[in-house]
Amino acid sequence: MSKQVRAIVIAGNGTNCERETAHAIRLGGAEVVDIVHISELLSGRVQLQGYHFLNLAGGFLDGDDLGSAKAGANRLLHAPIKDSEEHLSEHLRKFIADGKLIMGVCNGFQLMVKMGLLPALGKDFSQTTTLTFNDNGRFEDRWVYLKADPASPCIFTRGLDGITLPVRHGEGKLVVDSDATLATIEEKHLGVLKYCLPDYSATTQDYPLNPNGSTAAIAGLCDETGRLFGLMPHPEAYVHRTHHPRWTREEDLPEEGMGLWLYQNAVRFIRDELL
Amino acid sequence: MAWRVEVGLKEGIRDARGERVKREIHEHLGIALDQVKTIDVYTIDADLSQQVVEAAAQGPFSDPVIQNYAINRPLASQFDVLIEVGFRPGVTDNVGRTSREALQYLVGHPLDAHEGVFTSVQYLLTGRIDEDTAERIAAGFLGNSLIQRWTIIPGADFNRNTGVPVTVPRVVSTAEPKVLEIDLNVSDEELMRISREGVLALNLEEMKVIQAFANDPQNQAERIKVGLTAGLTDVELEALAQTWSEHCKHKIFSAKINYDDGTGHTETIDSLFKTFIVGVTRDVRAAKGKDDFCLSVFKDNAGVIRFNDDWSLVFKVETHNSPSALDPYGGALTGIVGVNRDPFGTGMGARLIFNTDVFCFASPFYKEPLPPRLLHPRRIFEGVVEGVEHGGNKSGVPTVNGSIVFDDRFAGKPLVYCGTAALMPAKLHGKPGHVKLARVGDHILMVGGRIGKDGIHGATFSSEELHEGSPATAVQIGDPITQKRMFDFLIIARDRGLYNSITDNGAGGLSSSVGEMAEDTGGFELHLDRAPLKYSGLQPWEILISEAQERMTVAVPDDKVEAFIALAKEMDVEATDLGVFNDSGYYHCLYKGKTVTYLPMEFLHQGVPQLNLQARWEEREFQEPEFSQPLDMNATLRHMLARLNICSKESVVRRYDHEVQAGTVLKPLVGVANDGPADAAMIRPLPDSFEGIVVAHGITPSYSDIDTYHMMACAIDEGLRNYVAVGGNIDHVAGLDNFCWCDPVQSERTPDGEYKAAQLVRANKALYEYCLAFGVPLISGKDSMKNDYQIGNTKISIPPTVLFSVIGKVDDIRKGVTMDAKRPGDLVYLLGTTRNELGASEYYDMLGHLGKNVPKVDAASALQRYRSVNQAQKLGLMASCHDLSDGGLGVALAETAFAGGLGMHVDLGKVKCNEVLREDAVLFSESASRLLVTVRPDNQAAFEELFAGQDLCLLGSVTEDKELRIIGLGGAILVRAHIDDLKEAWQAPLREM
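Residues numbered from 1 in each chain as written. Chains lettered and ligands numbered in written order. Predicted model: local features only at pLDDT ≥ 70, side-chain atom pairs only at ≥ 80, totals over all residues. Heavy atoms only, no water.

(A) Region of the structure containing the overall build of chain B. If you tally the helices and strands in chain B, you get 29 helices and 43 strands. What you see for chain B is a C-alpha radius of gyration of 29 Å, in line with the 30 Å of a compact globule of 993 residues. Considered along the principal axes of its C-alpha atoms, chain B spans approximately 85 × 75 × 60 Å. Counting across all 993 residues of chain B, residues that qualify as buried make up 65%. Carbon and sulfur atoms make up 48% of the accessible area of chain B, which amounts to about 35100 Å² in all. Taken together, the 98 basic and 137 acidic charged side chains of chain B have centroids lying 3 Å from each other. (Helix = DSSP H or I, 4+ residues; strand = E, 2+ residues; numbered from the N terminus. Rg over C-alpha atoms; globule rule 2.2 N^0.38 Å. Buried < 20%, exposed > 50% of the residue type's maximum accessible area, 1.4 Å probe, protein only. Areas by Shrake-Rupley, 256 points an atom, 1.4 Å probe, with all protein chains shown as cover. Lys, Arg positive; Asp, Glu negative; His and termini not counted. Charge placed at Lys NZ, Arg CZ, Asp CG, Glu CD.)

(B) Broad picture of empty space enclosed by the protein. Residue and element names in this part refer to chain A. In the structure shown here, the tally under the stated rule is nine cavities of 30 Å³ or more. Quantified by volume, the largest cavity comes out at close to 150 Å³. Considering the residues around the largest cavity, the lining is formed by 15 residues, among which Ile-10, Thr-15, Ile-38, Leu-61 and Leu-111 are closest to the centre. Here the residues of the lining of the largest cavity are counted per class, giving eight nonpolar, six polar and one charged. (1 Å grid on protein atoms, 1.4 Å probe; cavity = no way out; pocket = protein on both sides within 12 Å on 5 of 7 lines; lining within 4 Å. Points joined across faces, edges and corners; volume = space filled by probe spheres on them. Nonpolar A, V, L, I, M, F, W, Y, C, P; charged D, E, K, R; others polar.)

(C) Highlighting the packing of aromatic side chains. All names here are of chain B. Following the criterion strictly, the structure yields 31 aromatic pairs over all chains and no others. Summarising the aromatic geometry, the rings of Phe-739 and Trp-741 are spaced 5.6 Å apart at their centres and angled 45° between planes, so their arrangement reads as tilted. What makes Phe-739 buried here is its relative accessible area of 1%. Of the aromatic side chains, those joined through ring pairs into one cluster are Phe-359, Phe-361, Phe-381 and Phe-406. (Phe/Tyr/Trp six-rings, centres within 6.5 Å; stacked < 30°, edge-to-face > 60°.)

(D) Representation of the sheet that holds strand E38 (residues 880-883) of chain B within the structure. Residue and element names in this part refer to chain B. Across the sheet, which stays open at both edges, the seven strands sit in the order E38-E40-E37-E41-E39-E42-E43 with mixed pairing between neighbours. A strand with exactly one partner marks an edge of an open sheet, and here the two such strands are E38 and strand E43 (973-978). Pairwise comparison of adjacent strand axes, ignoring direction, gives a mean angle of 20° for this sheet. Here strand E39 (residues 903-907) pairs with strand E41 (residues 952-959) via four bridges, running antiparallel. Within E41, the position partnered with His-905 by the bridge is Ser-957. Contacting E38 and strand E40 (931-935), helix H22 (residues 708-726) runs over the sheet at an angle of about 170° to E38. Sheet strands touched by helix H29 (residues 979-987): E39, strand E42 (963-967) and E43. Its angle to E43, the strand with the most contacts, is close to 80°. (Pairing = 2+ DSSP bridges. Axes fitted to C-alpha atoms, helices over the stretch in contact; angles between N-to-C directions. Contact = heavy atoms within 4.5 Å.)

(E) Structural detail: the pattern of salt bridges. Throughout the structure, instances matching the rule amount to 77 salt bridges over all chains. Between Glu250(A) and Arg246(A) there is a salt bridge whose closest N-O contact spans 2.7 Å. Within the structure, one salt-bridge network assembled from shared partners comprises Arg138(A), Arg20(B), Glu24(B), Glu382(B), Glu386(B), Glu389(B) and Arg655(B). (Salt bridge = Lys/Arg side-chain N within 4 Å of Asp/Glu carboxyl O.)

(F) Representation of the sheet that holds strand E9 (residues 256-260) of chain B within the structure. Residue and element names in this part refer to chain B. Read from one edge to the other, the open sheet built from three strands follows the order E10-E9-E26, with strand pairing classed as mixed. Each of the sheet's edge strands pairs with one partner strand only, and the pair in question is strand E10 (266-270) and strand E26 (612-616). This sheet shows a mean twist of 20° between the axes of neighbouring strands, independent of strand direction. As defined by bridge partners, E9 adjoins E26 across five bridges and the pair is classed as parallel. Within E26, the position partnered with Tyr-259 by the bridge is Ala-615. On top of the sheet, helix H11 (residues 272-288) reaches E9 and E10; it is set at about 80° to E10, its chief contact. Set on the sheet, helix H23 (residues 753-774) makes contact with E9, E10 and E26; between it and E26 the angle comes to about 85°.

(G) Up close: the state of the cysteines. What the rule picks out here adds up to zero disulfides over all chains. Free cysteine Cys771(B): the closest other cysteine sulfur is in Cys294(B), separated by 11 Å. (Disulfide = S-S within 2.5 Å.)

(H) Just the domain arrangement of chain B, in detail. For chain B, the domain assignment lists domain 1 (2-157) and domain 2 (817-993). The straight-line distance from the C-alpha centre of domain 1 of chain B to that of domain 2 of chain B is 52 Å. (Domains from an automatic or database assignment.)

(I) Seen up close, the environment of Thr215(A). Residue and element names in this part refer to chain A. Looking at where Thr-215 falls in the secondary structure, it is placed in the loop between strand E9 (193-195) and strand E10 (218-222). A relative accessible area of 21% means that Thr-215 is categorised as partly exposed. Note: C-alpha distance between Thr-215 and Gln-205 (10 residues apart in sequence) is 8.1 Å. Residue contacts for Thr-215: discarding those within four places in its chain leaves Leu-174, Val-175, Leu-182 and Gln-205.

Put into structure tokens, the structure is as follows:
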């Protein structure tokens, strides 16, 4: 039992991508992948501590009604656990302190940023960065190219040069609170995935390759430990060649989709370091 | 007291929403502004401390990185005009609901029922704006007076200390619930007045049937036993009107029609629905024998077919036209979340896997003056697209297939078709998943949203003006998140076996959902006063028929009620026990223990008298136009590609999440640059199987101007052709028919009703004949029969329109084929015969002609062709396949070439025609059942062998030179155009929408 990689995907209140995320983690090699409705955590029946890998999947938490993931962040920060003095946020801090992995995709990334979990420059998880409306003011579904930073501490992107994935969001533009924050992100190589040209040669600010006008073309962030990671594009949406928009014409596409690499890295890391 | 929290962007942060509003005000109204900035306003009507409000403003309401906030003082500065737009009382305010929940987490306890948060948006406009212009911007773009109200303050009059005055749009009602008794022993005129003034939409014959019921001594005796009097209550009359409405009973499709075919031959049709729609499905199923894949047709909220041993496939398509005309955003949003509930509430419940949407609009560039109360087509376009976008995206259901049809007659009524498919377990707790049955003693549980005055009497234009303090009843705004929570809960409840039956609350609300489920047991007892309300002051009849959204009705066995409610509560979903299903034989509602309806179930469901209709077809004199062929065919082709019905809809498609759930393997945009127009979508619903679903549709309303018979045939063929083009199995496909007609009942207002009824008969005859010929069962459908606009002397009727949706199965998604040319050297084939069929075509329409020769479908040869196409796909012989529809061969060639980023050289002389045709006719004829295919040279022999004896023309080849070159019939070059230029012409028209 103790040798199992255990992953949890939180569902509920507008999370939409829990099923395909769970599938991607399974393909990535995890032995246990549970989709858990948030009410199960808030009832105290299911505990975060029983897992190594927490996944915050895409969707529209509370409809993104107060800005993407804002109401969702408020819930995670303030919701009490039934019949106890504790809050879910404390369990989450413990999970992080234990060196376990968290990955947020799209709405999950927005959630992490708005809870201060990314880039987590200070120890107090205060929010320094946000994700807001795309420059064109619209939700869009399109495939983009991402260049990985080989010097990043991110454990999810180890060995990656570039990757193509779909974005599906209206609020994906990364904005920082100060130049200093951006400088720190860059210095510490936390902006691990950046929108780039189709040959992965250089990052870009140009629409539509940079679909939202993100600062420094940042599409994904990690914290200094490399164990907390979030990105706007959807890796769980490219785990098989038939997910690729041009699989009917690009005959040399590998069977395995590029998004799977991120999950494989996570599982490998857990097996090596946490089991 | 009420608090006002304003949230604005910090200095230097781009206001993308403001920029978009500025751009759109210019596009919609032609008003150029210098700047638009936006501020979000939260009006908190709750007893809270300053500290809590401060925490809310800082926390969930604002984002510290980009926003600042102010409490009870204004943020606005430096503007010429301020316009603040908020909802009217009682209108669904989703952001307000979420804000209220967020506050509850902060205070640590639930707010009181009367406490709430109301949201509004402030627009700060800079530029030269006088009073009139400001009002035009507010009424013509920022707000919709049906659901919203606004405050306009010029900069000079703005008080920088107090700002905009606090208004709390709470519903104020002092009405005491009461039940009225209606005296039906009155004259015929008086009966009709009761029907008209009550917006009951019952005709005299129906009113007289109800009158007779009330006067029956035996009925009276039964009623007196339960404390009623002989006269009917208003609750009963409303229940009858709702159950007998056109919307619920489909009286026109069930009518007895006397049809005269125009040659003196007459026949009587006893129900179009039973004769043609149910009839063809029965006959197709019989012909399929053991290969019949239908599981549940016409009896549930959606149709169900077999997918594999473990899963069944559910599909339903609805329209939401009238609400979308009034409030395009709310109407369309409600359309999509509403149709979501149909498959969800089919059988024991099903998980949603994709949406489809088809819109019919007038041109967004419409320049003519509009009659009163009509919104500009561009506003409708924007609002509907945004509504479906929010509905679909937020629900986590990919929108995978659709189209937009333009015809200026849709200015009178836009058509908004929304479809949803779902997957249900073939077996659930040992029983078929598509079977449900409420049992005697089961409790009636209402789940999800609360009841308000939303959508009472559907979307009938209420003659009553909306006034301050009165809730908007005409339109609803959907709430995808409340629905999503409810679905998350119900799927778990289903899997735990906590209920016996489920259905959705749509048209007719509880009256219809409980009434229908109670047909299983033969009666029910429903306590209206137990229903949770959004606000007080609802009358018992309003509770019964309210169409408030996001609600399902569930039959829960007595011993599971507790577990059901506990699970709901834990998952933040409201579930209320409203009564029981029984076998009393009565539709029995009570309010505070007192009986308010006592109607025999049989009378309610079988009592409606059959409508009688006259239908008379007349052969109209149409002529083919005479004109000479345009000299510049390059320009003509570009103009055709830029036609609204042909051009790229990419700007709309990208706004829909078409990939969530990770099952969309053939997406709506395909090709080398991901921007070619796919014919159909292919879905892989189960990640551990390569089995797939193909969904497509056909819609050809322009042909109705010549003959609805051929319109119907062409729509069926187009749907199947699109389906087959990507790999859909022609022998495992079902159809759904959605009729949108103009009023076909002869009257003073509709003097051509008999002709319109005949058009309806002819379309139904074609539906029967072609579905039978193609072997396609119909599994579900809907009709919307009054798509006319009439105010004063202006009448606009839509062209008779049928959306024919198809859904079916593929064994292996890896055999899917897209429409883009794949590689230089591939051979270009045309399958099918080209005829002189340009009647009502895009080409004729562009030149201002209607013509006469509407395309006709030869089902036998088409079916053979489609089967061969399936064979070729299975063997991997086709590199690309694209259907020929609007704009015919010319358009299909251009699209195939530029989607593939390759050229194409073809010879028009190789096109097989049934007679000698002019070049423009060959290029733009819309003859049905044709496909354009590219094939690798290695596969030439095998491919041609498959089509031996069929109409197969080798036109030329795919080239590297990015040039579409078409050799004319005389051997000279007819078209020679760079594919980038063709693509630009095709992409430009709606790019900025």
